[in-house]
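A structural walkthrough
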Amino acid sequence: MSKNKLPSQKIINREFAIELPFVPHDNRYHAEIQCEGEIAMRYVCCIGNTLKELAIDITTELCKAQHRLPQIVQVLDIFNKNDITKDFIHDYNKGVYNG
């Protein structure tokens, strides 16, 4: 081992690396929906092994909370460690995941 490099040091491309939050499931995709609560904002988790499954779960949760101004705030691809929020919302709004 070289003197200049510590054993735990890693070289990463900062542009694509994200620190993922802990998620309590083994599904590939994870999304957070923010909506108004009585006292503060609350978050609802949506999951899916495919983007279509995730979209169905998101649609269900958005309908349940429609009177609380829900919005998708984060979508993660857990397996690839990517934040896909912008692309997913764009496709979701265009109806890509509808039957």
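Okay, so let's go over this structure.

The rules we used
Residues numbered from 1 in each chain as written. Predicted model: local features only at pLDDT ≥ 70, side-chain atom pairs only at ≥ 80, totals over all residues. Heavy atoms only, no water. Helix = DSSP H or I, 4+ residues; strand = E, 2+ residues; numbered from the N terminus. Contact = heavy atoms within 4.5 Å. Salt bridge = Lys/Arg side-chain N within 4 Å of Asp/Glu carboxyl O. Buried < 20%, exposed > 50% of the residue type's maximum accessible area, 1.4 Å probe, protein only. Pairing = 2+ DSSP bridges. Expected span 1.5 Å × (residues − 1). Arc of directions from axis to C-beta.

1. Concerning the side chain of Glu-61
Checked against the element boundaries, Glu-61 lands in helix α1 (residues 51-64). Setting aside anything within four residues of it in sequence, one finds Glu-61 in contact with Ile-33, Val-44 and Cys-46.

2. A word on the pattern of salt bridges
Proximity of charged atoms lets side chains of opposite charge pair with each other. On inspection of all chains with the given rule, the structure shows two salt bridges. Arg-28 serves as the salt-bridge partner of Asp-77, at 2.9 Å between the closest nitrogen and oxygen. Note that Asp-77 is positioned in strand β3 (residues 71-77) and Arg-28 in the segment before β1 (29-36), a separation of 49 residues in sequence. Taking relative accessible area as the criterion, Asp-77 reaches 5% and is therefore assigned buried. For Arg-28, a relative accessible area of 25% puts it in the partly exposed group.

3. Focus on the pairing of β1
For a regular strand, side-chain orientation follows a simple rule: the groups alternate between the two sheet faces. β1 sits mainly inside the fold: six of its eight residues count as buried. Note: β1 against strand β2 (residues 41-48), eight bridges, orientation antiparallel. Considered in β2, the bridge of His-30 is made with Ile-47. Relative to β3, β1 runs antiparallel, the two sharing six bridges. Residue His-30 lies in a different strand from β3, and its bridge partner there is Leu-76.

4. Focus: α1
Side chains three or four residues apart in an α-helix point the same way, a direct result of the helix having 3.6 residues per turn. Taking 1.5 Å per residue, 14 residues should reach 20 Å; α1 reaches 20 Å between its end C-alpha atoms and fits that length. Among the residues of α1, Leu-54, Ala-55, Ile-58, Glu-61 and Leu-62 are the ones counted as buried. Along the axis of α1, the buried positions cluster into a sector of 130°, meaning they face one direction only. Buried residues belonging to α1 abut β1, β2, β3 and α2 (85-94).

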